[in-house]
Amino acid sequence: MRPQERPAAPSFQRIPAISATPRSLLAAILSLACLLSLSVELPASAATPAAGKDRKPKTDAVLKGLPIIELSPDEAILHALNRLAYGPRPGDVEHVRQMGLAKWIEQQLNPNSIDDKTVEARLQDYPTLHMSTAKLIDEYPQPKQAEKQAEKQAQARAQQEQRRSDAAATVVEKDMQSAPGQPANAEAPAATPVSAPQSWPDNPNAPAPMKQQTPLKAAANAAGRRDVLGGGDPNNVPRAIAEDSKRPQRVVAELSMAKMTRAIYSERQLQQVMDDFWFNHFNVFAAKGEDRYYLTSYERDVIQPHALGKFKDLLTATAKSPAMLFYLDNFLSVDPRATQRQAAERAMRQQRRRGGFGWPPRPSANPQQAKKNERGLNENYGRELMELHTLGVDGGYSQKDVTEVARCFTGWTIDKPRQYADFKFDDRLHDPDPKYVLGKKIHAGGMKDGEQVIDLLVHHPNTAKFISTKLARRFVSDNPPRALVETMARTFQSSDGDIRAVLKIMIWSPEFWSRESYHAKIKTPFELVVSEVRALGTDVDTPLPLVQWVGRIGEPLYQCQPPTGYADKAEAWVNTGALLNRLNYSLALAGNKMRGARTDVPSLLGLDSSADAKSALDRAVQVLLGGQAGPTTVETLEKQLDNPQVLQAKLDDPRKQVDLGVVAGLVLGAPEFQRR
């Protein structure tokens, strides 16, 4: 179907961020729909290499030291800022041009060399970031049972009202879809709900599900009734996460706002990108029981310090983290014979205390309860350690290996989970017998059994390949070149898993700077929200609405339930409802309809509202897209210039002023900006 023939999605009428009919912004929506083809149309000048294949082009001084032959200097700088950072801010392209692209990249690979005091000052607004787990549990306790019950009743009432509202909106949509001369009950396209209410699991403390969900389903689950960061009006602040709230939800809210603040304002951009990458790789679900308290330390003390270090150190830190131990239930995993051993030891102690006269041991007060409390082997962590963290799903391991790895990690548990939650190895719960993992005998003894498994997995060739593939998929393309992945994997092995060394090999490869890699990745909701704020130079005082927009578009922060983390391929994020929400967000941000965020579009574009609409559009394309808008995009946007919303006037009003916020919002909604 040709774009101009595609009907407007009826759900567009229900989105409160835009006070317009579907026809008024139809062309802009259809420009977003171009993403469905997973191709971006660039200007002819951008699609042609700077020099012919028969001669070696002269390298620009800005690109010195980098294998860049297919991209112009400005394209290369934009490519680096979109891949190794969260997009350019006003003035960033010129700053990198003056510094030299290679030097800027070297700085990003060594973040401690960059002064980041400005963002640290902003993070002082979030006191929970520096608290210990014990202090978080003490200061942000779970609500009392009565309060929980009242909250459930309120949620049920809200769901009932939502269902009524949805039903009424559906009727209105059908009426508005009816064209002149068409009966009101004529068949209309099915509405795509913007955010459908979903329910959380009934028992958040139950073992984490191991079967993979689709990314969109996972995002929908995370946008459910108990997720205060994933849906509803982004400008509304739920009571549970207000600044003076002492609910546990406030802890995750501050984590989310801090993540948003760092991504927007930090000069250490690659550090922020890698923090996000590794958290997603070693995903932990915030809504599972006590993990809402453990995540602060998990990100601060486990992910961030090791994001550009040795992979073995990072993997070991995650294995010992109470957040991971709780999420994948390894803190409950014990040798099934441990209970019998402990009972025998108790009997021997009783015998010694009673003088050794052969009296029988005292029976358990409640044998049935004792049987119920018995714990056994839990394979969740052993499976995900190999499938998701190291070897990959096709990594050459068997179910027997999963069981053996689980045996190796028995006794890796949490000391006082509801008080201070420190890592603890309990030798009494550990399986002392030899194990065999991937054909190797594991019998180092005690905690060293697990450490020996980590060492074995880190140095396995399939781990090098799997981690290199994921990194190349994040930074290069959804289907990265095999030769590049192999080169990265060799570096991973030769450098003993040095993450920085692997990244450097990738960045200094011709594949990273190829024309095929340019604009080859769809931005995730988080990347889109952050990159628009940076592109507009928006001043953000309160990042919470931005956090809630990320959830509304489909990627609630810290709320991915399956251990797979969020997907990093285009098909996970390209669907009608998400694209409409992306456009809504663009218009709200550029139009200053976002609480706690101020955007000065006239100053950014160097224009005022009396400017000619065509000039405003051309300027917005130049500033926000680097002048790289395909002919179809330009033609589609130009058709909107007579729209009353753009001109801030009725159709018959001779006096017209251009709404620069709407123009900028439409340009940000173009396919070219949805990619990085």
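### Considering the overall build of the chain
And then number 1: Across its full length, the chain holds 31 helices and 6 strands.
And then number 2: Counting the 676 residues in the chain, one finds 52% classified as buried.
And then number 3: Considering only intrachain contacts with a sequence separation of at least 6, the fraction spanning at least 24 residues in the chain is 75%.

### Here's the deal with the environment of Asp401
And then number 1: Of note, Asp401 is situated in helix 18 (residues 399–408).
And then number 2: Exposure remark for Asp401: the relative accessible area of 8% places this residue in the buried category.
And then number 3: Taking the C-alpha atoms as reference points, Asp401 and Leu438, 37 residues apart in sequence, are found 6.3 Å from one another.
And then number 4: Aside from chain neighbours lying at most four places away, what touches Asp401 is Met386, Tyr436, Val437 and Leu438.

### Considerations on the nonpolar core
And then number 1: Membership of the largest hydrophobic core comes to 157 residues, with the highest contact counts inside it found for Leu101, Met274, Trp278, Tyr298, Phe475, Trp513 and Leu546.
And then number 2: For this core, the element with the most residues is helix 10 (residues 249–265), which contributes 10 residues.
And then number 3: Look past the residues within four positions of Trp278 in its chain and what remains in contact with it is Ile303, Ala307, Phe311, Leu314, Ile467 and Ile499.
And then number 4: Counting 7 residues, the second largest nonpolar core, distinct from the first, contains Ile522, Ala570, Trp573 and Val574.

### Quick word on the confidence of the model for the chain
And then number 1: With 72% of its residues at a pLDDT of 70 or more, the chain has an overall mean of 81.
And then number 2: Every residue in residues 1–24 scores below 50 in pLDDT, and together they form 57 contacts with partners more than four places removed in sequence or on other chains.
And then number 3: Segment residues 171–226 is flagged for pLDDT under 50; beyond a separation of four residues in sequence, or across chains, it makes 97 contacts in the model.

### Here's the deal with unusual backbone geometry
And then number 1: Within the chain, Asp329 stands out as a residue other than glycine whose phi angle is a positive 65°.
And then number 2: With a phi close to 55°, Ala421 is a non-glycine residue in the positive phi region.
And then number 3: The residue Ala421 is located in the loop between strand 1 (412–415) and strand 2 (422–425) in this model.

### Some details on the pairing of strand 2
And then number 1: Pairing of strand 1 with strand 2 involves 4 bridges; the strand directions are antiparallel. Bridge assignment links Asp415 to a residue of strand 2, and that residue is Asp422.
And then number 2: The antiparallel hairpin formed by strand 1 and strand 2 contains 6 residues in its connecting segment, where Lys416 sits at a positive phi of about 55°.

### A short note on the environment of Ala567
And then number 1: Note on placement: Ala567 falls in the loop between helix 24 (544–553) and helix 25 (576–590).
And then number 2: By relative accessible area, which is 24% here, Ala567 ends up partly exposed.
And then number 3: The sequence separation of Ala567 and Glu555 amounts to 12 residues, and the corresponding C-alpha distance is 9.9 Å.

### Things to note about helix 23 (residues 525–536)
And then number 1: The first and last C-alpha atoms of helix 23 sit 17 Å apart over 12 residues, in line with the 16 Å expected at 1.5 Å per residue.
And then number 2: Within helix 23, 12 of the 12 residues are buried, which leaves it mostly tucked inside the rest of the structure.
And then number 3: Where helix 23 terminates, the next one or two residues include Gly537, which has phi positive at roughly 65°.

### Topic: the packing of aromatic side chains
And then number 1: Counted by the stated rule, this structure contains 16 aromatic pairs.
And then number 2: With a centroid separation of 4.8 Å and 80° between ring planes, the pair formed by Phe512 and Trp513 is classed as edge-to-face.
And then number 3: For Phe512, a relative accessible area of 0% translates into the label buried.
And then number 4: By the ring-pair criterion, three or more aromatic residues cluster together here, those being Phe277, Trp278, Phe282, Phe311 and Phe492.
And then number 5: Over the face of the ring belonging to Tyr265 we find Arg122, whose NZ or CZ atom lies 3.7 Å from the ring centre.

### So, helix 11 (residues 269–281)
And then number 1: Taking 1.5 Å per residue as the helical rise, helix 11 with its 13 residues ought to reach 18 Å, and the 18 Å between its terminal C-alpha atoms agrees with that figure.
And then number 2: Here helix 11 lies mainly inside the structure; 13 of its 13 residues are buried.

### A closer look at the packing of helix 5 (residues 101–109) against helix 22 (residues 499–507)
And then number 1: Two elements in contact, helix 5 and helix 22, have axes whose closest approach is 11 Å; the angle formed by their N-to-C orientations is 160°. Put simply, helix 5 runs roughly antiparallel to helix 22. In terms of crossing hand, the pair formed by helix 5 and helix 22 is right-handed. Two secondary-structure elements touch here, helix 5 through Ile105, Glu106 and Leu109 and helix 22 through Arg500, Leu503, Lys504 and Ile507.
And then number 2: Residues that form the contact of helix 5 with helix 22 fall into these classes: 4 nonpolar, no polar and 3 charged.

### Some points on the packing of helix 23 against helix 25
And then number 1: In contact at an axis separation of 11 Å, helix 23 and helix 25 are set at 25° when each is read in the N-to-C sense. Here helix 23 lies roughly parallel to helix 25, going by the angle between them. Here helix 23 runs over helix 25; the crossing is right-handed. For the pair helix 23 and helix 25, contact is made by Pro525, Leu528, Val529, Glu532, Val533 and Leu536 and by Arg582, Tyr585, Ser586, Leu589 and Ala590, respectively.
And then number 2: Grouping the amino acids of the contact of helix 23 with helix 25 by side-chain chemistry returns 8 nonpolar, 1 polar and 2 charged.

### Points about the side chain of Asp426
And then number 1: Note that Asp426 resides in the loop between strand 2 and strand 3 (435–437).
And then number 2: A polar side-chain atom of Asp426 sits 2.9 Å from a polar atom in the side chain of Arg428.
And then number 3: Among residues more than four places away in sequence, those in contact with Asp426 are Gly411 and Thr413.

Criteria and cut-off values
Residues numbered from 1 in each chain as written. Predicted model: local features only at pLDDT ≥ 70, side-chain atom pairs only at ≥ 80, totals over all residues. Heavy atoms only, no water. Helix = DSSP H or I, 4+ residues; strand = E, 2+ residues; numbered from the N terminus. Buried < 20%, exposed > 50% of the residue type's maximum accessible area, 1.4 Å probe, protein only. Contact = heavy atoms within 4.5 Å. Core = buried A, V, L, I, M, F, W, Y, C linked by side-chain atoms within 4.5 Å. pLDDT = per-residue confidence, 0-100. Pairing = 2+ DSSP bridges. Expected span 1.5 Å × (residues − 1). Phe/Tyr/Trp six-rings, centres within 6.5 Å; stacked < 30°, edge-to-face > 60°. Lys NZ or Arg CZ within 6 Å of the ring centre and 35° of its normal. Axes fitted to C-alpha atoms, helices over the stretch in contact; angles between N-to-C directions. Parallel < 35°, antiparallel > 145°, perpendicular 65-115°, else oblique. Left-handed = near helix turned anticlockwise from the far one by under 90°. Nonpolar A, V, L, I, M, F, W, Y, C, P; charged D, E, K, R; others polar. Polar contact = N/O pair within 3.5 Å; in protein donor to acceptor, adjacent residues only side chain to side chain.

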